[in-house]
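Coordinate analysis (summary)
So you can see what is in the structure, the chains are spelled out below.
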Amino acid sequence: MSNTKSILALPGDGIGPEVMTPAIELAHAAAAMDGVTLTVSEGLVGGCAIDAEGTPLPAATLAAAKAADAVLLGAVGGPRWEALPMSERPEKGLLGLRQGLELFSNLRPALLAPALAEASSLKAELVAGLDILIVRELTGGIYFGEPRGVTTENNERKGFNTYVYHDWEIERIARSAFELAQKRSGRLCSVDKANVLEVTQLWRDVVNEIAGDYPDVELSHMYVDNAAMQLVRTPKQFDVIVTGNMFGDILSDVAAMLTGSLGMLPSASLAADGRGMYEPVHGSAPDIAGKELANPLAMFLSVAMMFRYSLGMPEAAVRIEAAVSATLAAGHRTADLHGVTADNQETTSSMAAAVMGHLTNGAR
Ligand code: NAD
């Protein structure tokens, strides 16, 4: 294993820079334990890039992202840029990175730290130990299909989108989900609407066609309406879920809520060659930016995913995840977390210090 890895850090806007700074420190410390040096460069994306360069995704940022082993992103957006036309907003920078890097596979784990079981919108016994991985196709489906638009004919307005998948798009996301299931408990549920939509009948057919290549994975299929219901009824029945762009968008938010806090949820977006972009699920949280109130744990867990999926350093990932769990188990809480009291409320910095303490010394 090369002992140098290159990371592009894109802090972005709002609380993005606040959670990125300690995340980089944690990443350096975790990598050093494996004798690996991280070279971290920084770039502009989102609102800060609009202010500095007049575009949410400067060409230099995309080029640096393509050259790096992995990209870490904080968050983009905020009220300051909301008056801009849709095509010029900070979020366009994010979409441009996903497209430019061909990040077709979006992984969103919904993992409930035992110490936070009471924070879920479901009863603690239904979610204690919850560990689901949703694999969402990110660059195709109805969000990108053509034709699309709104037309007016005979005084009637008509809005339309196209739900389209090619077999190769289905096959590559399904293969990545089968491989992830092999590394977990070996169960994969493919979610579609094959009883109504032809495109998702093709989805089901392609998933079945390649299932024979993964005899150690137990494959099941579920219609999306049933999956939504099952996720809030008995979520622990799932291990890995694979689905298309729109269904994945919706189901991953449902699964996220089961874990109780937006400030805890990491994500990874991967390309075919294993390179990826890692970011917390939350946004730039302008309401708390600059107040030392941001929970940095989603960003830290995104760093753990980066070590696991792009840098080939699963031990470093486990070390960070264990440090986060130990920090929560020891009672440390930022304001957004269940169980926060005047006595245990941490700032962004003190929470980060607690995690760093658990990582480097085993305790604080
Ligand atoms: P948000 O996720 O920024 O905030 C929603 C709520 O959760 C807020 O009350 C916020 O204070 C809280 N919150 C979020 N992250 C937190 C954390 N780490 N610690 C503690 N509390 C946290 O969503 P929003 O308010 O709908 O959007 C704000 C801006 O972020 C918008 O401009 C939006 O477009 C953008 N956004 C960006 C991304 C991204 O960069 N990936 C994702 C979602 C929203």
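What you see is a predicted model; the values in this text were computed from it and never measured. (Residues numbered from 1 in each chain as written. Predicted model: local features only at pLDDT ≥ 70, side-chain atom pairs only at ≥ 80, totals over all residues. Heavy atoms only, no water.)

**A short note on the sheet that holds strand β11 (residues 266–270)**
Sheet strands pair via backbone hydrogen bonds, and the direction of the pair is either parallel or antiparallel. Here ten strands make up an open sheet; going across it, the order is β2-β1-β3-β12-β11-β4-β5-β10-β8-β9 and the pairing mixed. Lying at the two open borders of the sheet, with one neighbouring strand each, are β2 (37–42) and β9 (218–223). Here the average twist between neighbouring strands, direction ignored, is 25°. When strand β4 (residues 105–111) meets β11, the two strands line up antiparallel, connected through three bridges. Paired with Asn-106 across the bridge in β11 is Ser-269. (Pairing = 2+ DSSP bridges. Helix = DSSP H or I, 4+ residues; strand = E, 2+ residues; numbered from the N terminus. Axes fitted to C-alpha atoms, helices over the stretch in contact; angles between N-to-C directions.)

**Things to note about the site of the ligand**
Inspection of the region around the ligand gives 21 residues, with Glu-91, Gly-283, Ala-285, Asp-287 and Asn-295 positioned closest. At 2.4 Å, a side-chain N or O of Glu-91 approaches an oxygen atom of the ligand. In this structure, Asn-295 approaches the ligand through a main-chain N or O atom, which is 2.8 Å from a nitrogen atom. In the complex, the protein chains occlude 68% of the 810 Å² of accessible area that the ligand would expose alone. The residue inventory of the shell around the ligand, partitioned by class, reads ten nonpolar, seven polar and four charged. (Near = heavy atom within 4 Å. Polar contact = N/O pair within 3.5 Å; in protein donor to acceptor, adjacent residues only side chain to side chain. Areas by Shrake-Rupley, 256 points an atom, 1.4 Å probe, with all protein chains shown as cover. Nonpolar A, V, L, I, M, F, W, Y, C, P; charged D, E, K, R; others polar.)

**Thoughts on the pattern of salt bridges**
A complete count under the given rule lists 13 salt bridges for this structure. Here Asp-51 ties to Arg-80 by a salt bridge, and the two come within 2.8 Å at their closest N and O atoms. Taken as a pair, Asp-51 in helix α2 (residues 47–53) and Arg-80 in the loop between β3 (70–75) and α4 (91–100) lie far apart in primary sequence, 29 residues in all. You can call Asp-51 partly exposed: its relative accessible area is 43%. (Salt bridge = Lys/Arg side-chain N within 4 Å of Asp/Glu carboxyl O. Buried < 20%, exposed > 50% of the residue type's maximum accessible area, 1.4 Å probe, protein only.)

**Notes on the packing of helix α10 (residues 297–309) against helix α11 (residues 314–329)**
Where α10 meets α11, the closest approach of the two axes is 6 Å, and the angle between their N-to-C directions is 160°. By the angle between their axes, α10 is roughly antiparallel relative to α11. Classified by chirality, the crossing of α11 by α10 is left-handed. Across the interface between the two elements, Leu-297, Phe-300, Leu-301, Val-303, Ala-304, Phe-307 and Arg-308 from α10 touch Pro-314, Ala-316, Ala-317, Val-318, Ile-320, Glu-321, Val-324 and Leu-328 from α11. By residue class, the composition of the contact of α10 with α11 is 13 nonpolar, no polar and two charged. (Parallel < 35°, antiparallel > 145°, perpendicular 65-115°, else oblique. Left-handed = near helix turned anticlockwise from the far one by under 90°. Contact = heavy atoms within 4.5 Å.)

**Quick notes on the pairing of strand β8 (residues 187–192)**
For β8, the tally of buried residues reaches five of six residues, placing the bulk of the element in the interior. Alignment of β8 against β9, held across six bridges, turns out to be parallel. Each residue of the ladder has a partner; that of Asp-192, found in β9, is Tyr-223. Inspection of the sheet shows β8 paired to strand β10 (residues 240–243) by three bridges, in the parallel sense. Looking at the pairing, Leu-188 lines up with Val-240 of β10.

**Quick word on the nonpolar core**
Membership of the largest hydrophobic core comes to 91 residues, with the highest contact counts inside it found for Leu-72, Val-135, Phe-307 and Leu-328. Core analysis: the next-biggest nonpolar cluster, separate from the first, contains 15 residues, Leu-8, Leu-10, Leu-101 and Ala-271 among them. (Core = buried A, V, L, I, M, F, W, Y, C linked by side-chain atoms within 4.5 Å.)

**Overview of the domain arrangement of the chain**
Assigned domains of the chain: these are domain 1 (1–106 + 265–364) and domain 2 (131–258). Both faces combined, the contact of domain 1 with domain 2 buries some 1000 Å², and carbon together with sulfur accounts for 63% of it. The largest share of the area that domain 1 buries against domain 2 comes from Phe-104, Asn-106 and Tyr-309, three residues that together contribute 56% of it. In this assembly, domain 1 and domain 2 are joined by zero salt bridges. There are three residue pairs in polar contact (both at pLDDT 80 or more) connecting domain 1 and domain 2. When contributions to the side of domain 1 that touches domain 2 are tallied by element, the ones reaching two or more residues are α4 and β4. (Domains from an automatic or database assignment. Buried area = accessible area lost by both parts, 1.4 Å probe.)

**Topic: the layout of surface pockets**
The computed volume of the largest pocket comes to approximately 750 Å³. Together, 32 residues line the largest pocket, and Leu-107, Leu-133, Met-305, Arg-308 and Tyr-309 are the ones closest to its centre. For the lining of the largest pocket, the elements supplying multiple residues, two or more each, are β4, β5 (131–137), α6 (167–183), β11, α10 and α11. Sorting elements by how many residues they give to the lining of the largest pocket places α6 first, with six residues. The class makeup of the residues in the lining of the largest pocket is 20 nonpolar, four polar and eight charged. Approximately 620 Å³ is the volume attributed to the second largest pocket. If you go around the second largest pocket, you meet 26 residues; those closest to its centre are Leu-94, Leu-95, Arg-98, Arg-108 and Arg-136. (1 Å grid on protein atoms, 1.4 Å probe; cavity = no way out; pocket = protein on both sides within 12 Å on 5 of 7 lines; lining within 4 Å. Points joined across faces, edges and corners; volume = space filled by probe spheres on them.)

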